[in-house]
Amino acid sequence: LAGASATVPDTRDRLLGGLLSPDFDDRSCLSRYRASLYRQPSLHNLSSHLVSRLRRYESLHRLCGPGTPAYTRAVARLRESMDAHAPPPASSNSTTGSSDTAADECSYIVWTPIEGLGNRILSTASAFLYALLTDRVLLVHHPGDDLNDIFCEPFPGNDSTTWVLPERDFPIQNIRRLNVRTRESLGNVLGRGEGSRDRDPPPPWLYVHLQTDYKPDDRRFFCDDGQDALSGVRWIVLRSDNYFATGLFFLPRYEQELARLFPRRDTVFHHLGRYLFHPTNTVWAMATRYHRSYLAPAEERVGVQVREFKYARISAADRYSQIISCACGESILPAVDDNATTPPSAEPDHPEQTKRKAVLVVSLNGEYYEKLSSMYYEHDAAGGGSVSVFQPTHLGVQHTEERKHNQKALAEVMLLSFSDVVITSAQSTFGYVSHGLAGLRPWVLTLPVDGKVPDPPCRLAPTIEPCYMKAPHYDCRTRGQADNGKMVPYIRQCQDVSYGVQLV
Ligand code: GDP
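Per chain, residues are indexed from 1 in the order of the written sequence. Thresholds applied to this predicted model are a pLDDT of at least 70 for local features of residues and 80 or more for the giving and counting of side-chain atom pairs; totals over whole chains, interfaces and linings are not thresholded and use all residues.

Peer 1: A description of the site of the ligand should follow, citing residues and the corresponding values.
Peer 2: By convention here, the C-beta atom is placed from the backbone, and a residue is near a molecule or strand when that atom is within 6 Å of it. Close contacts around the ligand come from 21 residues, with G116, L117, G118, S428 and T429 the closest. What counts as a helix is a DSSP run of H or I of at least four residues, what counts as a strand is a run of E of at least two, and both are numbered from the N terminus. Counting residues per element, the shell around the ligand draws most heavily on helix 15 (residues 403–417), which supplies five residues. Of the residues contributing to the shell around the ligand, the split by class is six nonpolar, eleven polar and four charged. Put simply, Ala, Val, Leu, Ile, Met, Phe, Trp, Tyr, Cys and Pro go in the nonpolar bin, Asp, Glu, Lys and Arg in the charged bin, and everything else, Gly too, in the polar bin.

Peer 1: Kindly report on the packing of helix 6 (residues 117–134) against helix 11 (residues 268–276), identifying the contributing residues and their values.
Peer 2: Between N-to-C directions, angles span 0 to 180 degrees; the directions come from axes that are lines fitted to C-alpha atoms, helices contributing only their stretch in contact. Where helix 6 contacts helix 11, the two axes come as close as 10 Å, and the packing angle between them is 95°. The angle between helix 6 and helix 11 places the two elements in the roughly perpendicular class. Contacts between helix 6 and helix 11 involve T124, A125, F128 and L129 from the former and V268, F269, L272, G273 and L276 from the latter. Here the residues of the contact of helix 6 with helix 11 sort into seven nonpolar, two polar and no charged. Orientation categories follow fixed angle ranges, with anything under 35 degrees roughly parallel, anything over 145 roughly antiparallel, 65 to 115 roughly perpendicular, and all other angles oblique. Placing C-beta atoms from the backbone, we regard two residues as in contact once those atoms come within 7 Å.

Peer 1: Account for helix 15, naming residues and giving values.
Peer 2: A helix's residues, less one, multiplied by 1.5 Å, set its expected span. Over its 15 residues, helix 15 extends 21 Å from the first C-alpha to the last, a length consistent with the 21 Å expected when each residue adds 1.5 Å. Counting buried positions along helix 15 yields eleven of 15 residues, so the element is predominantly enclosed. Residues with at least 20 other C-beta atoms within 10 Å of their own are called buried, those with 12 or fewer are called exposed, and the rest are partly exposed. The C-beta atoms themselves are positioned from the backbone. Among the residues of helix 15, those classed as buried are N406, Q407, A409, L410, A411, E412, V413, M414, L415, L416 and S417. The inward-facing, buried residues of helix 15 abut helix 6, helix 12 (281–295), strand 5 (300–306), strand 6 (356–363), strand 8 (421–425) and helix 16 (429–438).

Peer 1: Please provide a residue-by-residue account of the packing of helix 12 against helix 15, values included.
Peer 2: Put simply, helix 12 and helix 15 touch, their axes get as near as 9 Å, and they point 50° apart. Judged by the angle between their axes, helix 12 and helix 15 are oblique. For the crossing formed where helix 12 meets helix 15, the hand is right-handed. Only Q407, K408, L410, A411, M414 and L415 of helix 15 make contact with helix 12, whose side of the interface consists of T282, V283, M286, A287, Y290 and H291. Each residue belonging to the contact of helix 12 with helix 15 can be placed in one class, and the counts come to eight nonpolar, three polar and one charged. Helix crossings are classified by the rotation of the near helix relative to the far one: an anticlockwise turn of less than a right angle makes the crossing left-handed, while a clockwise turn makes it right-handed.

Peer 1: Explain the pairing of strand 5 residue by residue, including any values.
Peer 2: Counting buried positions along strand 5 gives six out of seven residues, so the element sits mostly inside the fold. One requirement defines pairing of two strands: DSSP has to find at least two bridges between them. By the bridge criterion, seven bridges tie strand 5 to strand 6 in an arrangement that is parallel. Note on strand 6: the bridge partner recorded for R301 is A358.

Peer 1: Quick one: what's the story with the sheet that holds strand 6, residue by residue and with numbers?
Peer 2: Here we have six strands laid out as an open sheet, ordered 7-6-5-8-9-10, and mixed in their pairing. Two strands close off the open sheet at either side, each with one partner strand: strand 7 (386–390) and strand 10 (458–460). Direction aside, neighbouring strands of the sheet carry axes that sit 20° apart on average. Strands in contact with helix 12 are strand 5, strand 6 and strand 7; relative to strand 6, the strand with the most contacts, it is inclined by about 140°.

Peer 1: Pulling in residues and values, what's your account of the sheet that holds strand 2 (residues 137–140)?
Peer 2: Spatial ordering of the open sheet is given by 2-1-4-3, a layout of four strands whose pairing is parallel. Looking along the sheet, the strands with just one partner apiece sit at the ends: strand 2 and strand 3 (205–210). For this sheet, the mean angle separating the axes of adjacent strands, direction not counted, is 25°. As paired elements, strand 1 (residues 108–112) and strand 4 (residues 235–240) share five bridges and run parallel to each other. Its bridge partner being in strand 4, I109 is matched across the sheet by I236.

Peer 1: Can you lay out the pairing of strand 7 for me, pointing to particular residues and giving the numbers?
Peer 2: One ladder, built from five bridges, connects strand 6 with strand 7; its direction is parallel. By the bridge assignment for strand 7, A358 is matched with S388. Whether a crossover is right-handed depends on one test, that the path from the first strand over the helix to the second runs clockwise when the strands point away from the viewer. Between strand 6 and its parallel partner strand 7, the chain crosses via helix 14 (residues 367–378), and the hand of that crossover is right-handed.

In structure tokens, the structure reads:
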């Protein structure tokens, strides 16, 4: 790791054991084949079924993605069916005639963004899993500039197609305004009793609302009747701020396929995240420059991600003491001798204690870095090792609408994912993504109790999977409430979010 260079690793590592397609131009997206040089090798087996499903998905995307004749026909057909006043398409010269077998096979899910980068990444990965399960093509809606030059195209064939929805002339207007009240939302369609499987023809499109404010009928997405209502609908637009992939495991119809894709169910995001999210060369350059300059010389890299939420207030001094009691109490970082008069230590007798550790602090706030680096500047580390502390940015406040801000955020997510050990903040999707990509169980800083440092200050997470924070907790049979943490053995309540559930 320390010696990571610009060379492309050998094929097996480069393709992450078959996870990635070899069909990309390496230079257009340097991170794709090089991330493995910086991260610990994955300890999480990849199923051959997932590999073959990804290749099948890639063929589907090449056939149906924007820029292809099939896509043009699918959009034309959508427009025609949406236009209630248009005359029925003439069979002889229609762009969507019944002989269009390719277009007839193409169905889409359009993901549209909400919230910060972590939320976006987790909901995109979930939408992709749904696309895999339902043979839909995943398109991402990038309405502003904030997501430009952040991620590379994840699917090969991007000289002829793309995963970005061409917004111009797309018949479904105002995607940004779709919300829980939208008439075409799955929840509202089901609520009106219009979701029958035998509708002929099915509606041309539906909106799926899986955001934190979703209602009981929206949650029927995770029930058979919700899935029946969506089957045959060519276009789905979906908005979610959550890692709803976990909820797909409640649907009996996907159970077998999911078990084949993920024999170890706690690796879903780890694999899909490393498959989908490759930072562009701009972002990758920031991450690797920083890594080379500050982190590569160390023998161990410790990531510390500090996220402050308004609802979990604690003074900066208390939060800092929480970080220190976690890091030193769990032997992640060496303690220091607080006695300022201690003379400089002699050369240590045991070379193994002299491990050089680099701490990467990632936070909007610069205070923790200041305190931590002063601590190791002013005092000897117990055992004689050396600890250097770094923080790439401290941007103060979140600005998800700004491209540069998001580029820096992603560079830091990447840098965190190069860590050997991570300490993250409870309930942070930014943290979930970093440790999920790394494939590490993080030490999670527990939420403060009554504004004070909790005991214990941190816990080792039971899984590398993100938490589905706003789980549906919906009983499909009784249409009442249910506890999603008690339905199947491999899904449990999250340790850091009592309402959430996660794969273990
Ligand atoms: P969450 O709010 O922790 O769940 O994470 P999100 O990624 O969804 O939203 C937080 C957003 O705030 C990020 O996407 C960044 O834009 C910004 N942000 C939060 N923490 C950091 C940080 O440590 N570094 C940087 N560069 N940005 C951050």
